[in-house]
Amino acid sequence: MSKPTPPPVRTITDAQRKSTFRTFLWILGGFIATIGLLVATFSFQGRAARDYGSRAVQAALASQPSPSISYEQPCADLLNMPLPDTVEKCVIRVVSGAPEAILDVEGGRQYRMTK
């Protein structure tokens with residue numbers, strides 16, 4: 001029985017190296033662009049929720065709450081506006097005349113807005 005012959009040695013040309021490097025750069029660039037897009041999207045969604053909460057706090061302050069009463073009220077009732085798409089629940093909590101908006105957002109996050 002004879003020894004098996006090894007496979008022929010593969011040589012990589014400069015054109016193949018350049019093509020492989022370009023492909024790697026395209027994949028890396030696509031990955032970075034995707035991460036940037038996700039960060040921008042989450043930032044925009046968070047800003048919409050915080051703006052809504054800020055408007056709710058301003059509306060509660062405009063009603064001049066009494067410092068001797070504490071209560072809770074849904075933001076949608078106070079503003080007469082529907083909740084933004086990413087906000088699951090929004091409540092204005094007034095304690096000692098100081099309003100605070102508590103927003104429950106998709107993904108289990110929560111924002112607390114004060115004046």
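Going by the structure above, here's the rest.
Every value quoted in this text rests on a predicted model; they were computed, and no experiment measured them.

Undergrad: What is the right way to read the overall build of the protein from this model?
TA: Each helix and strand counted, the protein has 2 helices and 4 strands in total. Secondary structure elements of the protein, listed N to C terminal, follow the sequence α-β-α-β-β-β. The C-alpha radius of gyration computed for the protein amounts to 29 Å, which surpasses the reference 13 Å derived for 115 residues by more than 25%, pointing to a less compact arrangement than a globule. When the backbone C-alpha atoms are referred to their principal axes, the protein occupies close to 100 × 35 × 20 Å. Buried positions account for 22% of the 115 residues belonging to the protein. For the protein, long-range pairs separated by at least 24 residues make up 40% of all intrachain contacts whose partners lie at least 6 apart in sequence. Total accessible area on the protein stands at roughly 8700 Å², and carbon and sulfur atoms take up 61% of it.

Undergrad: Even after reading the chapter, I still don't get the sheet that holds strand S3 (residues 98-105), so can you show me in this structure?
TA: Whenever strands of a sheet pair, they do so through backbone hydrogen bonds, lying parallel or antiparallel. Overall, antiparallel pairing links the 4 strands, which are arranged S1-S2-S3-S4 in an open sheet. At either end of the open sheet lies a strand with only one pairing partner, and these are strand S1 (71-74) and strand S4 (109-113). Sheet twist, expressed as the mean angle between neighbouring strand axes with direction ignored, is 20°. On top of the sheet, helix H1 (residues 14-62) reaches strand S2 (87-95), S3 and S4; it is set at about 155° to S3, its chief contact.

Undergrad: Would you mind going over the nonpolar core with me for this structure?
TA: One recurring pattern in soluble globular proteins is that nonpolar side chains are buried together. Counting 16 residues, the largest nonpolar core has Ala 49, Tyr 52, Cys 75, Cys 90, Ile 92, Ala 101 and Leu 103 as the members making the most contacts within it. Residue assignment for this core shows that the elements contributing at least two residues are H1, helix H2 (75-79), S2, S3 and S4.

Undergrad: What's the story with a nonpolar patch on the surface in this structure? I'm lost.
TA: Together, Phe 21, Phe 24, Leu 25, Leu 28, Phe 31, Ile 32, Ile 35, Leu 38, Val 39 and Phe 42 make up a nonpolar patch on the protein surface, roughly 1000 Å² of accessible area in all. Classification of Leu 28 as partly exposed rests on a relative accessible area of 37%.

Undergrad: Where do I start with H1 in this structure?
TA: Think of an α-helix as turning once every 3.6 residues; residues three or four places apart then point the same way. Taking 1.5 Å per residue, 49 residues should reach 72 Å; H1 reaches 71 Å between its end C-alpha atoms and fits that length. Residues Gly 46, Ala 49, Tyr 52, Gly 53, Ala 56, Val 57 and Ala 60 constitute the buried set of H1. Packed against the buried residues of H1 are H2, S2, S3 and S4. Positive backbone phi, at 50°, marks Gln 64, one or two positions downstream of H1.

Undergrad: Can you walk me through the side chain of Thr 86 in this structure?
TA: Positionally, Thr 86 belongs in the loop between H2 and S2. For Thr 86, a relative accessible area of 10% puts it in the buried group.

Undergrad: What is the right way to read the environment of Gln 110 from this model?
TA: Tracing the chain through its elements places Gln 110 in strand S4. In this structure Gln 110 comes out as partly exposed when scored by relative accessible area, which is 42%. In this structure the C-alpha to C-alpha distance between Gln 110 and Cys 90, which are 20 residues apart in sequence, comes to 9.7 Å. Once residues lying within four places of it in the same chain are set aside, the contact partners of Gln 110 are Ile 102, Leu 103 and Asp 104. Within polar-contact distance, the side chain of Gln 110 engages the side chain of Asp 104 at 2.8 Å.

Undergrad: Explain the packing of aromatic side chains here, please?
TA: Each aromatic ring pair is described using two quantities: the centre-to-centre distance and the angle formed by the ring planes. Tallied over the entire structure, the rule returns 0 aromatic pairs. Sitting above the plane of the Tyr 111 ring, Arg 50 keeps its charged end 5.5 Å from the centroid.

Definitions and limits used
- Residues numbered from 1 in each chain as written.
- Predicted model: local features only at pLDDT ≥ 70, side-chain atom pairs only at ≥ 80, totals over all residues.
- Heavy atoms only, no water.
- Helix = DSSP H or I, 4+ residues; strand = E, 2+ residues; numbered from the N terminus.
- Rg over C-alpha atoms; globule rule 2.2 N^0.38 Å.
- Buried < 20%, exposed > 50% of the residue type's maximum accessible area, 1.4 Å probe, protein only.
- Contact = heavy atoms within 4.5 Å.
- Areas by Shrake-Rupley, 256 points an atom, 1.4 Å probe, with all protein chains shown as cover.
- Pairing = 2+ DSSP bridges.
- Axes fitted to C-alpha atoms, helices over the stretch in contact; angles between N-to-C directions.
- Core = buried A, V, L, I, M, F, W, Y, C linked by side-chain atoms within 4.5 Å.
- Patch = residues over 30% accessible without salt bridge, like charges linked within 9 Å, V, L, I, M, F, W, Y side chains within 5 Å.
- Salt bridge = Lys/Arg side-chain N within 4 Å of Asp/Glu carboxyl O.
- Expected span 1.5 Å × (residues − 1).
- Polar contact = N/O pair within 3.5 Å; in protein donor to acceptor, adjacent residues only side chain to side chain.
- Phe/Tyr/Trp six-rings, centres within 6.5 Å; stacked < 30°, edge-to-face > 60°.
- Lys NZ or Arg CZ within 6 Å of the ring centre and 35° of its normal.

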